[in-house]
Amino acid sequence: MTTPPQMLLPLFFFKLTNNNKHMQFFHIPYHSNTKTMTKLSNLNLNLNLTTPQQDLPNGNNIFTLMQHIQMLEILLAITVFIVIHSLRQKKHYGLPIWPLLGMLPSLFFALRTNLYEWITDVLKQQNGTFRFKGPWFSSLNCIVTADPRNLEHLLKTKFSLFPKGRYFRDTVRDLLGDGIFNADDETWQKQRKTASIEFHSAKFRKLTTESLFELVHSRLLPVLESTVKENVSIDLQDILLRLTFDNVCLIAFGVDPGCLRPGLPKIPFAKAFEDATEVTVLRFVIPTCVWKAMRFLNLGMEKKLKESIKGVDEFAENVIRTRKKELSLFCDEKQRSDLLSIFMGLKDENGEAYSDKFLRDICVNFILAGRDTSSVALSWFFWLLDQNPEVEEKIVEEICRVVKQKEDIDMKMKKEEFFEGLTFRPEEIKKMDYLHAALSEALRLYPSVPVDHKEVVEDDTFPDGTVLKKGTKVIYAIYSMGRMEAIWGKDCREFKPERWLRDNARFMSESAYKFTAFNGGPRLCLGKDFAYYQMKYAAASIILRYRVKVVENHPVLPKLALTMYMKHGIKVNLHKRDAEEIHKYLRG
Ligand code: HEM
């Protein structure tokens, strides 16, 4: 018969006391004579050298054997007690809490599966918020939340109480420096204000639409067409990353890196940047003292990070050098509407021009903001379309409705020529509500920034009652929010663009604290409007021309990094859409 767990602890104490009684009965005092001591050493010797049968007549031997067995039992009882006690904490805290290690073993286990799904499961069990307890020697304690009330509190109502904080800054500083993603207070305000004025200027809007138009028609579509002609599959995520990289470099720094070209040249920067974001995020899940020691000794992942940051820096320094040279030669900084030129013309708090290091940080942060986010969102979107062909149909229908309204469209045009030269104006892109909804739905399920971080600077309490002590770290789990029945209903895991449509199939946005893919409050994404325009333009241009089919059995998994890349990219085959099919919609 097995002992019930609740009996193990009393049993353990019983054994201890019982054991002591024996110990007292056979106790050999320190002042015992040499004869007794000799007997004892003989006994030890006997125990080692004789067989159990030979020991039987010897009472002392049996006792020692029993003592060993009892010790084993005690150890076993302690172990079982600890295991049961730790596992029982799961009911209350969502995860087992182990002595010294806290919840770290569960986290390590989760790192081998899908970390975001694991966080979601724990959050669901704990009604939207849980406290993660790290090992006693680490700085991993934090509150994880997916409750919209807490998000509104954190991102808007009490914004000043929740900066990014020192822990976040120290963890990502090697890569992001003092750039906008990593800055608080004045350093953030200054960058936000400058970038915000720029993003809302007519000049900048013109630059963004023109550069995107050029990139889609002169680079993206020809590259895609060549893969169709050659009948080869491609990694669509790679192509989209190239598109958004060229785009962000054009609008933010006024340089054209030319990544998206026939032959898809190797881009050392891209690899270095992806490696750097991957290793940086690993720092969040291992104790600070461990990665700091590894950095000091230049070991393992820290060695890799150092090397990749070198690759990132080389690119940024080259951009800054070239831009400075151009500005000194042509003195036309006033004419320039890219962000880097604007920052180069500004002065810091001492009235000095910004240092090259600070300009480097600005470059790297804008690449992270503008390159990775839209491209990974589009990759997940195309994957979801592959799984939901009825949504794809509706998008094609909508695009055709918009095309039909173009006054310059010639319906009698030969079918083969139809797609050539078919472009969209910004007001036409605006009319694509269903496409807008489908992209929002993809971002709800696969937000480009899956988790984000804040730190508490003053004791406070969340609207859900969670007590927050000064210095507590808060993780808001954007990925999990899209999978909460309490927020989106029973069908939360389904891809349903219709949930975003209201009267007359018009797109209706949601509260930023429920749909947090673009953050909310004073730190709302500055590139949101541009990102939607860019994603809609690229998606509409591709979908109208091609059916995008994911290669069978291609593994699709999120990668652990600052943005939610697909771990193995997304291998697809493009099938040219039949012009007859499009004409059918146009006539209908
Ligand atoms: C699908 C596309 C995008 C998504 C999902 C997205 C999401 C986000 C999120 C979640 C943040 C908050 C990050 C944080 O504070 O930790 C953010 C901030 C920001 N985003 Fe975006 N973003 C997208 C595209 C873009 C683009 C294309 C640009 C610019 C070219 C851009 C520029 C920025 C900037 C400058 C910030 C910093 C705002 C601040 O801290 O004040 N974003 N974005």
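Every residue gets a number counted from 1 within its own chain, in the order that chain's sequence is written. The model is predicted, so local features are restricted to residues of pLDDT at least 70 and side-chain atom pairs to those at 80 or more, both for listing and for counting; the totals for chains, interfaces and linings are taken over all residues. Note that the side-chain values use all heavy atoms of the structure and ignore hydrogens as well as water.

Under an unreviewed UniProt entry, the name given to the chain is Cytochrome P450, and the source organism is Arachis hypogaea. UniProt positions are given in the numbering used here, feature names are shortened, and annotations may be inferred rather than shown by experiment. As recorded by UniProt, the Subcellular location (unreviewed entry) comment attached to the chain reads in full: "Membrane".

Q: Please explain the overall build of the chain as it appears in this structure.
A: Helices and strands together make up the secondary structure of the chain, namely 23 helices and eleven strands. Three labels apply to residues, based on accessible area from a 1.4 Å probe with only protein chains included: buried if under 20% of the type maximum, exposed if over 50%, partly exposed otherwise in between. Across the 588 residues in the chain, those meeting the buried criterion constitute 51%. Residues are treated as being in contact if the distance between any of their heavy atoms lies within 4.5 Å. For the chain, restricting intrachain contacts to residue pairs at least 6 apart in sequence, the fraction spanning at least 24 positions comes to 71%. Roughly 29,700 Å² of accessible area belongs to the chain as shown, and the carbon and sulfur atoms make up 58% of that amount. Here a helix means four or more residues in a row that DSSP labels H or I, a strand means two or more in a row labelled E, and each is numbered from the N terminus. Per-residue and other accessible areas follow the Shrake-Rupley method at a 1.4 Å probe size, with only the shown protein chains counted as cover for residues.

Q: How should the pairing of strand S11 (residues 571-576) be read in this particular structure?
A: Note on strand geometry: in a regular strand, side chains alternate between the two faces of the sheet. The sheet contact formed by strand S3 (residues 234-235) and S11 spans two bridges and is antiparallel. Across the sheet, Ile 234 pairs through a bridge with Val 572, a residue of S11. Pairing between two strands requires that DSSP report at least two bridges joining them. The pairing of strand S10 (residues 546-550) with S11 spans five bridges and is antiparallel. Each bridged residue has a counterpart across the sheet, and for Tyr 546 the counterpart in S11 is Lys 576.

Q: What should I look at first to understand the pattern of salt bridges in this one?
A: Side-chain pairing between opposite charges can occur once the charged atoms of the two side chains come close. One speaks of a salt bridge when a side-chain nitrogen belonging to Lys or Arg is within 4 Å of a carboxyl oxygen belonging to Asp or Glu. Evaluated as defined, the whole model comprises 42 salt bridges. For Glu 117, the salt bridge goes to Arg 493, with nearest N and O atoms at 2.8 Å. Taken together, the residues span a long stretch of sequence, with Glu 117 in helix H6 (residues 115-125) and Arg 493 in the loop between helix H21 (485-488) and strand S8 (501-502) at a distance of 376 residues. Across the pair Asp 184 and Arg 523 runs a salt bridge, and its minimum N-O distance is 3.4 Å. With Asp 184 in the loop between helix H8 (165-176) and helix H9 (185-199) and Arg 523 in the loop between strand S9 (506-507) and helix H22 (528-545), this residue pair connects regions lying 339 residues apart in the sequence. Assigned by exposure class, Asp 184 and Arg 523 land together as buried. Via salt bridges that share partners, Glu 441, Arg 444, Asp 491, Glu 494, Lys 496 and Arg 499 belong to a single interconnected network.

Q: Looking at this model, I keep getting lost on the sheet that holds strand S2 (residues 142-145). Mind explaining?
A: Sheet strands associate in pairs through backbone hydrogen bonding, adopting either a parallel or an antiparallel arrangement. A sheet is described by the order of its strands in space; here four strands give the open sequence S1-S2-S7-S4, paired in mixed fashion. Every interior strand has two partners, whereas the edge strands, strand S1 (129-132) and strand S4 (451-455), have only one. Here the strands of the sheet are splayed against their neighbours by 25° on average, with no regard to which way each runs. Throughout, an axis means a line fitted to C-alpha atoms (over the contacting stretch in the case of helices), and angles, computed between N-to-C directions, take values from 0 to 180 degrees. Running at roughly 115° to S1, H6 makes contact with S1, S2 and strand S7 (473-477) of the sheet.

Q: How should the coordination of the iron atom of the ligand be read in this particular structure?
A: Perfect tetrahedral coordination of a metal by four donors corresponds to 109.5 degrees between them, and perfect octahedral coordination by six donors corresponds to 90 or 180 degrees. Just one protein atom coordinates the iron atom of the ligand, and that atom is Cys 525 (SG), at 2.3 Å. Relative to the helices and strands, Cys 525 is located in the loop between S9 and H22. Only N, O and S atoms count as donors, using a 2.8 Å cut-off from the metal and 3.2 Å for Na, K and Ca, and because water is excluded some sites may appear unfinished.

Q: Where do I start with the UniProt feature "transmembrane region" (unreviewed entry) in the chain in this structure?
A: Sites flagged by UniProt as "transmembrane region" (unreviewed entry) map to residues 65-84 and 93-111. Here residues 65-84 is 100% helix and 0% strand, with 28 Å between the C-alpha atoms at its ends.

Q: Looking at this structure, I do not really get the nonpolar core. What am I missing?
A: Across soluble globular proteins, nonpolar side chains have a tendency to be buried as a group. Counting 173 residues, the largest nonpolar core has Phe 253, Phe 381, Phe 382 and Ile 395 as its most contacted members. The biggest single contributor to this core is helix H16 (residues 356-387), with 17 residues. Ignoring any residue separated from it by four or fewer positions in sequence, one finds Ile 395 in contact with Phe 381, Leu 385, Tyr 434, Leu 435, Ala 438 and Ile 543. Each nonpolar core is a collection of buried residues, namely Ala, Val, Leu, Ile, Met, Phe, Trp, Tyr and Cys, held together in the definition by side-chain atoms within 4.5 Å.

Q: Sorry if this is basic, but what is going on with the UniProt feature "binding site: heme" (unreviewed entry) in the chain here?
A: Following the UniProt record, one finds the feature "binding site: heme" (unreviewed entry) at Cys 525. On the basis of relative accessible area, Cys 525 is assigned to the partly exposed category, the value being 32%. For Cys 525, the residues in contact, after removing those within four places along its chain, are Phe 518 and Asn 519.

Q: Would you take a moment to explain the packing of aromatic side chains for this structure?
A: The geometry of an aromatic ring pair is captured by two quantities: the separation of the ring centres and the angle between the planes. The aromatic pairing rule takes the rings of Phe, Tyr and Trp, using the six-membered ring of Trp, and pairs them if the centres are within 6.5 Å, calling planes under 30 degrees apart stacked, those over 60 edge-to-face and the rest tilted. By the definition in use, this model includes 26 aromatic pairs. Taking 5.0 Å as the distance between ring centres and 10° as the angle between the ring planes, the aromatic pair formed by Phe 245 and Phe 269 counts as stacked. Separated by 24 residues along the polypeptide, Phe 245 in helix H11 (residues 236-253) and Phe 269 in helix H12 (residues 268-282) bring together distant segments of the chain. This pair shows no difference in class: Phe 245 is buried, exactly as Phe 269 is. Measuring from ring centre to ring centre gives 5.7 Å for Trp 500 and Phe 507, while their planes differ by 10°; the resulting arrangement is stacked. Taken individually, Trp 500 and Phe 507 each receive the classification buried, so the pair is uniform in this respect. An aromatic cluster is defined as three or more aromatic residues linked by ring pairs; in this entry it consists of Trp 488, Trp 500, Phe 507, Phe 515, Phe 518 and Tyr 532. Lysine NZ or arginine CZ positioned within 6 Å of the ring centre and within 35 degrees of the ring normal marks a charge as sitting over the ring. Sitting over the face of the ring of Phe 245, Arg 371 holds its NZ or CZ atom 5.8 Å from the ring centroid. Arg 483 extends its terminal NZ or CZ atom over the ring of Tyr 479, reaching a point 3.9 Å from the ring centre.

Q: Teacher, can you tell me more about the confidence of the model for the chain here?
A: If pLDDT is low for a region, its predicted coordinates should not be looked at in detail. Summarising the model, the chain shows a mean pLDDT of 86, and 87% of its residues fall at 70 or more. Interface confidence for the predicted complex, given as ipTM, is 0.98, next to a pTM of 0.85. Here pLDDT means the predictor's own confidence in every residue, given as a number from 0 to 100.

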